Amino acid sequence: MDDRNTSGTRSVSDRAGGRAPRADAVRNRDQLLAVATRVFMAADAEPSMRAIAREAGVGIATLYRHFPTRESLVDAVYQDQVARLTTGARELIGRLPPAVAMRRWMDLFGDWIAAKNGMLETLLVMIESGEITHARTRTELLTALSTILDAGRETGDLRPDVTAEDIAASLIGIFTVAPRSGRGADPDRLLDLLMDGLRRPVRRSDGELEPPAAGAE
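Being a predicted model, the structure only gives us computed values, none of them experimental. (Residues numbered from 1 in each chain as written. Predicted model: local features only at pLDDT ≥ 70, side-chain atom pairs only at ≥ 80, totals over all residues. Heavy atoms only, no water.)

Caption draft 1: Main features of the confidence of the model for the chain. Overall, the prediction assigns the chain a mean pLDDT of 84, with 81% of residues at 70 or greater. For residues 1–17, every residue scores under 50 in pLDDT, and the model assigns this stretch 27 contacts once sequence neighbours within four places are set aside. This stretch, residues 213–217, has a pLDDT under 50; its non-local contacts, to residues over four places away or in other chains, come to ten contacts. (pLDDT = per-residue confidence, 0-100. Contact = heavy atoms within 4.5 Å.)

Rendered as structure tokens:
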């Protein structure tokens, strides 16, 4: 498979004159980004640029015009997914109870993991070269998780003894054994079980702790 651009180079070209792209060009790029994300999420092995262009219904030259290299496309998809997780945490907590927001955020995390698995080979090379900083991404994701956790502690919806690191490790474990591809265990069931463990138990009138109803939102 040859994923070089049409000129045979692999470097990202600079935008001429630094001018802002036209609105239609932005829409086209966003559409290609969305298609590429879906392809990466569904892929068993890292797909070729031609396969992504074909799925988007465009020629390979059009894809390379927006993403001159495979690395530039992978970086765009990766950063877009991280942004969805970080901004998504704030948006979810702004309109949903913390426990519900946490469960919805877990689904976003699953989408990110699925997309990452579909471009893992290129990602590992980019992380090794320093083009993508794994430590920074980890910090951003833990901050997003902490935003929801802090809100849950304030309302009493979520346990105060759980950390963002605890949840991140649990999510990685779940999506390792139950990927979004549908093979293996049911990830939604495992996420619901995790959420049951994250909710603060209710103390009955007799002093005994009663866990919330399974899967309650």
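Having seen the structure, we can now continue with the description.
Caption draft 2: Molecular detail of the pattern of salt bridges. Applying the stated criterion across every chain, the model contains nine salt bridges. In this structure, the salt-bridge partner of Asp 188 is Arg 103, at a minimum N-O distance of 3.6 Å. One end of the pair, Asp 188, is in helix H9 (residues 187–198); the other, Arg 103, is in helix H5 (residues 98–117), and 85 residues separate them in sequence. Accessibility expressed as a relative area gives 7% for Arg 103, which makes it buried. Measuring nitrogen to oxygen at the nearest pair gives 3.4 Å for the salt bridge that ties Glu 140 to Arg 136. With Glu 140 and Arg 136 both in helix H7 (residues 134–155), this residue pair falls four residues apart, about one helical turn. Arg 136 sits in the exposed class, given a relative accessible area of 58%. Here the salt bridges share partners, and the residues they tie into one network are Arg 103, Asp 107, Asp 188 and Asp 192. (Salt bridge = Lys/Arg side-chain N within 4 Å of Asp/Glu carboxyl O. Helix = DSSP H or I, 4+ residues; strand = E, 2+ residues; numbered from the N terminus. Buried < 20%, exposed > 50% of the residue type's maximum accessible area, 1.4 Å probe, protein only.)

Caption draft 3: Representation of the packing of aromatic side chains. Taken as a whole and judged by the stated rule, the model has four aromatic pairs. Judged by centre distance (6.1 Å) and plane angle (50 degrees), the ring pair of Tyr 78 and Trp 112 falls under tilted. Taken together, the positions of Tyr 78 in helix H4 (residues 70–95) and Trp 112 in helix H5 put the pair 34 residues apart, joining distant regions of the chain. Residue Tyr 78 is classed as buried on the basis of its relative accessible area, which comes to 2%. Note on Trp 105 and Phe 109: the rings are 5.7 Å apart at their centroids and 35 degrees apart in plane angle, and the pair reads as tilted. Remark: Phe 109 and Trp 105 occur in helix H5; sequence separation between them is four residues, near one turn of the helix. An aromatic cluster of three or more residues is present, and its members are Tyr 78, Trp 105, Phe 109, Trp 112 and Phe 175. (Phe/Tyr/Trp six-rings, centres within 6.5 Å; stacked < 30°, edge-to-face > 60°.)

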